[in-house]
Amino acid sequence: MPIILRAHHLLCFLGFRGSGYSKEFVENFERVYKSVYLENLPVKIVSFPDEICKCCPNLAGAECRFEQKVKKYDERVIELLKFYGLSDLEDVLPSEAYSALKQALPQQLESICQTCEWFVLGFCRESFHRKDLWKNG
């Protein structure tokens, strides 16, 4: 059974440095990060709250308080995945998703994330420009 993963979280993994909203959120993020990013377990790429979101303080019921904003992140990541050849998002290895995303220009990835509150830390930007940091793909 694939892990349910919001599309934009593929990009969040690249800049993850162990920080987050709370201890519970960080521990949950690390657990999912290890399964997806480090262990390359299959995922189902979606544009709704996922395993990471369940410990996020912005999750209100079944929807993110910033759903319109983050859904746009998801949609743009999905567009890039499809543009670069990944058509099946139901049962995909993260390495396949990262192989597709690595073909995107760093500026394409930055344009997706530039309004994210975490983007200002610079970790994502560093990852987008240094493809050698990408564990999978």
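What counts, and at which threshold
- Residues numbered from 1 in each chain as written.
- Predicted model: local features only at pLDDT ≥ 70, side-chain atom pairs only at ≥ 80, totals over all residues.
- Heavy atoms only, no water.
- Helix = DSSP H or I, 4+ residues; strand = E, 2+ residues; numbered from the N terminus.
- Rg over C-alpha atoms; globule rule 2.2 N^0.38 Å.
- Buried < 20%, exposed > 50% of the residue type's maximum accessible area, 1.4 Å probe, protein only.
- Contact = heavy atoms within 4.5 Å.
- Core = buried A, V, L, I, M, F, W, Y, C linked by side-chain atoms within 4.5 Å.
- Phe/Tyr/Trp six-rings, centres within 6.5 Å; stacked < 30°, edge-to-face > 60°.
- Lys NZ or Arg CZ within 6 Å of the ring centre and 35° of its normal.
- Axes fitted to C-alpha atoms, helices over the stretch in contact; angles between N-to-C directions.
- Parallel < 35°, antiparallel > 145°, perpendicular 65-115°, else oblique.
- Left-handed = near helix turned anticlockwise from the far one by under 90°.

The protein chain is annotated in an unreviewed UniProt entry as DUF1284 domain-containing protein from Anaerocellum danielii.

J.: What is the right way to look at the overall build of the protein chain in this model?
T.: Broken down by element type, the protein chain carries six helices and four strands. Shown N-terminal to C-terminal, the secondary structure of the protein chain runs as helices and strands in the order β-α-α-β-β-β-α-α-α-α. Relative to a compact globule of 137 residues, whose C-alpha radius of gyration would be 14 Å, the protein chain shows 14 Å and is just as compact. If one aligns the C-alpha atoms of the protein chain with their principal axes, the spans along those axes are about 35 × 35 × 25 Å. Counting only residues that meet the buried cut, the protein chain has 47% of its 137 residues in that class. Partitioning the contacts of the protein chain with sequence separation of at least 6, the portion at a separation of at least 24 is 70%.

J.: Would you take a moment to explain the side chain of H9 for this structure?
T.: For H9, the position within the fold is in helix 1 (residues 9-15). Judged by relative accessible area, H9 falls into the buried class, the value being 6%. Look past the residues within four positions of H9 in its chain and what remains in contact with it is D50, I52 and C53.

J.: What is the right way to look at unusual backbone geometry in this model?
T.: Most peptide bonds take the trans configuration, and most residues that are not glycine carry a negative phi. Unlike most non-glycine residues, N40 shows phi in positive territory, near 60°. Here N40 is to be found in the loop between helix 2 (23-38) and strand 2 (43-46).

J.: Can you walk me through the nonpolar core in this structure?
T.: As a rule of thumb, nonpolar side chains are buried together in soluble globular proteins. L11, F13, I45 and L81 are the most contacted members of the largest nonpolar core, which has 43 residues in total. Mapped by element, the contributors of at least two residues to this core are strand 1 (3-6), helix 1, helix 2, strand 2, helix 3 (67-83), helix 4 (94-101), helix 5 (106-113) and helix 6 (123-129). In terms of residue count, the dominant contributor to this core is helix 2 (seven residues). Look past the residues within four positions of L81 in its chain and what remains in contact with it is L10, I45, L86, L89, A97, A100 and L101.

J.: Help me out: how do you make sense of the packing of aromatic side chains in this one?
T.: Aromatic ring pairs are reported here in terms of the distance separating the ring centres and the angle at which the planes meet. Under the counting rule described, the total for this entry stands at eleven aromatic pairs. Centre to centre, the rings of F13 and Y37 are 6.3 Å apart; their planes meet at 40°, and the pair counts as tilted. In this pair, F13 sits in helix 1 while Y37 sits in helix 2, placing the two residues 24 residues apart along the sequence. Note on F13: relative accessible area 1%, which makes it buried. Cluster of aromatic residues (ring-pair linked, three or more members): F13, F16, Y21, F25, F29, Y33, Y37, Y98 and W118. Directly above the aromatic system of F66 lies the positively charged group of K69, at a separation of 5.7 Å from the ring centroid.

J.: Looking at this structure, how should I read the packing of helix 3 against helix 5?
T.: Put simply, helix 3 and helix 5 touch, their axes get as near as 9 Å, and they point 160° apart. Judged on the interaxial angle alone, helix 5 and helix 3 are roughly antiparallel. Here the hand of the crossing between helix 3 and helix 5 comes out right-handed. Along the contact surface, helix 3 presents Y73, R76, V77 and L80, while helix 5 presents Q108, L109, S111 and I112.

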